[in-house]
Amino acid sequence: MNGQLSLLVVHFLGLILIAGATVGAWVADGAVFKRLPGDRAGAAALAATLRAYGVAAQLGAAVLLLSGLGLLAVGKWAYWGALWLTIKLGLFVALGMFGGIVGGSSGRKLGALLAAAAAPGGSLDEAAVAKLRATRMSFHYVETVMFVAVVALAIFKIS
Ligand code: HEM
């Protein structure tokens, strides 16, 4: 397998990792909110799964970035400056920032809320649950749209 093909395979592995984590976190969030307010222990048990998806998404992003830079380098940076690549990199950075800031902070808040609700004698802040549910669902939606746009740009290479 030549260098470019190997890098493309690694690039696709990163893509699969990040796509899996995006869908997985969305499904896991849905399962958390479905269990609330009744089954607090069941909802709290999913917190570790949610954290794992966050780590998988970060790993996927790192793999995509490194293999993407490798692909650019083996192509002697011929694509550098191309419109599709510029927009793709902008969206990639936006995805990372949005994921880190909105996804990260709402995920940490959700984790803390679930831990407090599942603790013996703990209480569940239902207003906070409703707010977080709205934030998390919009977050997954926006993140998925941006991700699909990056894939479309990579494939159709608009110029
Ligand atoms: C969410 C992030 C990303 C996704 C979903 C993604 C997706 C893809 C896909 C699907 C391809 C294959 C396109 C084809 O062969 O027709 C591709 C190729 C490529 N990607 Fe990415 N990519 C991402 C991030 C990056 C980054 C960060 C870079 C650069 C630093 C990059 C650079 C490249 C290059 C140079 C190619 C090869 C283009 C070619 O030779 O045809 N990608 N990417």
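Structure shown above.
Everything numeric here is computed off the predicted structure, so don't read it as measured data.

1. Quick look at the overall build of the protein chain
Then, number 1: A tally of regular secondary structure across the protein chain gives five helices and zero strands.
Then, number 2: Overall, the protein chain shows an N-to-C arrangement of helices and strands of α-α-α-α-α.
Then, number 3: Taken along its principal axes, the extent of the C-alpha atoms in the protein chain is 60 × 30 × 20 Å.
Then, number 4: Buried residues in the protein chain amount to 20% of all 159 residues.
Then, number 5: Expressed as a percentage of contacts within the protein chain between residues at least 6 apart in sequence, the contacts between residues at least 24 apart total 82%.

2. Re the packing of helix 3 (residues 47-74) against helix 4 (residues 83-118)
Then, number 1: Running from N to C, helix 3 and helix 4 point in directions that differ by 165°, and their axes come no closer than 10 Å. With respect to each other, helix 3 and helix 4 are oriented roughly antiparallel. Judged by the twist between their axes, the crossing of helix 3 over helix 4 is left-handed. Facing helix 3, whose interface residues are A47, L50, G54, A57 and A61, helix 4 presents G96, G99, G107, G111 and L114.
Then, number 2: In the contact of helix 3 with helix 4, the residues fall into five nonpolar, five polar and no charged.

3. Quick look at helix 1 (residues 3-35)
Then, number 1: When the terminal C-alpha atoms of helix 1 are compared, their 48 Å separation across 33 residues agrees well with the 48 Å that a helix rising 1.5 Å per residue should span.
Then, number 2: Those residues of helix 1 not exposed but buried are L7, I18, A21, T22, A25, D29 and V32.

4. Side note on the packing of helix 4 against helix 5 (residues 126-156)
Relative placement of two packed helices is described by the angle separating their axes and the distance separating the axes.
Then, number 1: In the contact formed by helix 4 and helix 5, the axes pass within 9 Å of each other and the chain directions differ by 160°. Overall, the two elements helix 4 and helix 5 adopt an arrangement that is roughly antiparallel. Crossing angle aside, the handedness with which helix 4 passes helix 5 is left-handed.

5. So, the site of the ligand
Then, number 1: Near the ligand you find 19 residues, and of these L64, G68, L71, V150 and A154 are the closest.
Then, number 2: Those elements that provide at least two residues to the shell around the ligand are helix 1, helix 3, helix 4 and helix 5.
Then, number 3: For the shell around the ligand, the leading source of residues is helix 3, giving six residues.
Then, number 4: Residues of the shell around the ligand, tallied by class, amount to 16 nonpolar, three polar and no charged.

Rules used throughout
Residues numbered from 1 in each chain as written. Predicted model: local features only at pLDDT ≥ 70, side-chain atom pairs only at ≥ 80, totals over all residues. Helix = DSSP H or I, 4+ residues; strand = E, 2+ residues; numbered from the N terminus. Buried ≥ 20, exposed ≤ 12 C-beta atoms within 10 Å, placed from the backbone. Contact = placed C-beta atoms within 7 Å. Axes fitted to C-alpha atoms, helices over the stretch in contact; angles between N-to-C directions. Parallel < 35°, antiparallel > 145°, perpendicular 65-115°, else oblique. Left-handed = near helix turned anticlockwise from the far one by under 90°. Nonpolar A, V, L, I, M, F, W, Y, C, P; charged D, E, K, R; others polar. Expected span 1.5 Å × (residues − 1). Near = placed C-beta within 6 Å.

Taken by themselves, the reported measurements are silent on function.
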